[in-house]
Amino acid sequence: MSQVLERRAEALEAAAVPPRPPFGLTAEGWLRLLAPVVIGLLVLGGWEWLVRTRGIPPYVLPGPVAIAETLVRDWGTLSASLLVTLKITLLALLVAASLGLVLAVLFAQSRIVELSLFPYAVILQVTPIVAIAPLIIIWVDDVTLSLLICAWIVAFFPILSNTTVGLNSTDHNLLDLFRLYGASRWQVLWRLRLPTAMPFFLAGLRISGGLALIGAIVAEFVAGTGGRASGLAYRILESGYQLQIPRMFAALVLVSATGIAIFLALSLLSHLLLRRWHESAMARGDRR
Amino acid sequence: MSLEPLVSLRGIAKRYATGTLAVRGIDLDIAQGEVLALLGPSGCGKSTLLRMVAGLSEATAGRIDWPSGQPSARDIGFVFQEPTLMPWATALANVALPLELGGMGRREAAERAAAMLARVDLKGFENAYPRALSGGMRMRVSIARALVTRPRLLLMDEPFAALDEITRFRLNNDLLELWEAERFTVVFVTHSVFESVYLARRIAVMAPRPGRIHAELAVEAGYPRGEEFRTSAGYAAHCREVSQALGAAMAGAAA
Ligand SMILES: Nc1ncnc2c1ncn2[C@@H]1O[C@H](COP(=O)(O)OP(=O)(O)OP(=O)(O)O)[C@@H](O)[C@H]1O
Ligand SMILES: [Mg+2]
């Protein structure tokens, strides 16, 4: 009887929810948000002050205000370029993620496939993209496709290698349990190996998000020198030739902002998928 | 116990690929519905033996017979030393797993899993993820999962070793209660003399290097057993007897 009461108390305790802090952010959360913002504002303010007091001309170093003005004025061209780059980056990431996942699963299922293909994945990874981008752009007629391939090459490996590690990190007792209940290969893959690999895959995806953007930009630079692209990197090149330095900076700001946005979006995705069960996605105070 | 055994092991030996002879010459009958403890020091091959009975590992010599028929996937429940739950699945999904792997529909599996969770006093925690449960609660989920297929044989490999004493006592009682109701056969690995005497009707004391059965002792105390058994004179006497047997097994190994 007392045991029953005790367990009821346990259940009640587990059901009680701690009070929500203001705007859902703890003191630690506010610090994390505000500290970088304050630093950023200080640096920007210092930059503007320097440019104004020293009278540095905008074609040498434009101030943040001038850059912001250009960003607004040239938004038409810049946003079109942003869309081009973003499209290539996201497509490359999508292809890298799905192909990396599929290949990692194949590796996990067949040792022969892994042994025969993995070295080539490594070669793809260690070859500098700047060196092969010109070749790819020459070989592939379609500019968008060639840029896509370059971005994909850079983004592919972290997903493949991370997911492969994840698929092989299965708890061996759980594996025994599945064996005990006569689980099929497919059931083991679907219900055990893939969920185990999920945090690894997502970590790889976050790395690859940034890399896909870098790959796209590098390829655009290479293609842009031949005047065959229209993405953000091309705008940077073009503005450089025309000595429109504020516009060059504005395009650069957009590249960074895109990288940050991709990282944040992928972090959010990872958090949403893992928050209920994985250590990496838990609030600090919740960890045990 | 005059019935034919559920499982009988004859001359079982296991040599691992590394060359380690883990167990040798094991003869053991496990009776229908009995609670048998395998007691022995670390490394004497208890886990190895249990895994062979479960069919998770092949014996290198000897025979394992099931007189009443080879067990199917649902006939054996296994509880590991760690709760070994899938962290990405709720308590309910973890318990439903064996049923779903066996091809049962989602709804029916969930219903049975919920009923089993209630049996181990975890009603209300169906949707909790393992990380939100205490160590003792996780172990109860693990036991529920092992019992959800209504197995004939429950194999437990030091299931409570990682828990504090209070929780361990409580789970010992819970296990006895479940056994009273279901009368499945239990083989229970432990290195605790006290736990083996409290739970088992029979104790196989194992000796190390290579692992073998040194003695089989009966615990002559009827079920149901409860907390009062822990303080009884009979309990103390049995503990002394089993300790001595364990001491002798280890001395024999050292000689
Ligand atoms: N997979 C394996 N490969 C090689 N040797 C093994 C393997 N598993 C166990 N052994 C060896 O077999 C012997 C028995 O191991 P086992 O795990 O069965 O002991 P145990 O009685 O369960 O010990 P503990 O109480 O520490 O769990 C040990 O010497 C161990 O080193
Ligand atoms: Mg063991």
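Residues numbered from 1 in each chain as written. Chains lettered and ligands numbered in written order. Predicted model: local features only at pLDDT ≥ 70, side-chain atom pairs only at ≥ 80, totals over all residues. Heavy atoms only, no water.

(A) Up close: the domain arrangement of chain B. Residues and elements named next belong to chain B. When the domains of chain B are assigned, the result is domain 1 (5-71 + 153-254) and domain 2 (86-151). In this structure, domain 1 and domain 2 have C-alpha centres spaced 25 Å apart. A buried area of about 1,100 Å², summed over both sides, lies between domain 1 and domain 2, and 66% of it is on carbon and sulfur atoms. Applying the counting rule to domain 1 against domain 2 returns two salt bridges. (Domains from an automatic or database assignment. Buried area = accessible area lost by both parts, 1.4 Å probe. Salt bridge = Lys/Arg side-chain N within 4 Å of Asp/Glu carboxyl O.)

(B) Geometry of the environment of His191(B). Residue and element names in this part refer to chain B. In this fold, His191 is placed in the loop between β7 (185-190) and α6 (193-199). The exposure class assigned to His191 is partly exposed, which follows from its relative accessible area of 48%. Ignoring any residue separated from it by four or fewer positions in sequence, one finds His191 in contact with Leu39, Gly40 and Glu158. Separated by 3.2 Å, the side chains of His191 and Glu158 make a polar contact. (Helix = DSSP H or I, 4+ residues; strand = E, 2+ residues; numbered from the N terminus. Buried < 20%, exposed > 50% of the residue type's maximum accessible area, 1.4 Å probe, protein only. Contact = heavy atoms within 4.5 Å. Polar contact = N/O pair within 3.5 Å; in protein donor to acceptor, adjacent residues only side chain to side chain.)

(C) Summary view of the interface of chain B and chain A. Across the contact, 32 residues belong to chain B and 28 residues belong to chain A. Each partner contributes to the roughly 2,900 Å² buried at the junction of chain B and chain A, and carbon and sulfur atoms together form 56% of this total. Three residues stand out in chain B for area buried against chain A, namely Trp88(B), Leu101(B) and Arg131(B), and they jointly supply 29% of the buried area on that side. Along the contact surface separating chain B from chain A lie two salt bridges. Between Arg191(A) and Glu100(B) there is a salt bridge, with the nearest N and O atoms lying 2.7 Å from each other. At the boundary of chain B with chain A, the tally comes to seven residue pairs in polar contact (both at pLDDT 80 or more). With five residues, the single largest contributor to the side of chain B that touches chain A is helix α4 (residues 135-147) of chain B.

(D) Examining the site of ligand 1 more closely. Residues and elements named next belong to chain B. Taken together, Tyr16, Thr18, Thr20, Ala22, Ser42, Gly43, Cys44, Gly45, Lys46, Ser47, Thr48 and Glu158 are the residues near ligand 1. In the model, an oxygen atom of ligand 1 is placed 2.7 Å from a nitrogen or oxygen of the Lys46 side chain. Considering every element that reaches the shell around ligand 1, the biggest residue donor is helix α1 (residues 46-54), with three residues. By residue class, the composition of the shell around ligand 1 is three nonpolar, seven polar and two charged. (Near = heavy atom within 4 Å. Nonpolar A, V, L, I, M, F, W, Y, C, P; charged D, E, K, R; others polar.)

(E) Here's a closer look at the sheet that holds strand β4 (residues 61-65) of chain B. All names here are of chain B. Taking strand neighbours across the sheet as the criterion, the three strands line up as β2-β1-β4 in an open arrangement whose pairing is antiparallel. The outermost strands of the open sheet, each flanked by one partner alone, are β2 (21-30) and β4. Each adjacent strand pair in this sheet contributes to an overall mean axis angle of 15°, direction not counted. In this sheet, β2 lies alongside strand β1 (residues 7-15) in antiparallel orientation, the contact comprising six bridges. Directly across from Ser8, in β2, lies its bridge partner Asp29. Across the sheet, α1 is in contact with β1, β2 and β4; its angle to β1 comes to roughly 125°. (Pairing = 2+ DSSP bridges. Axes fitted to C-alpha atoms, helices over the stretch in contact; angles between N-to-C directions.)

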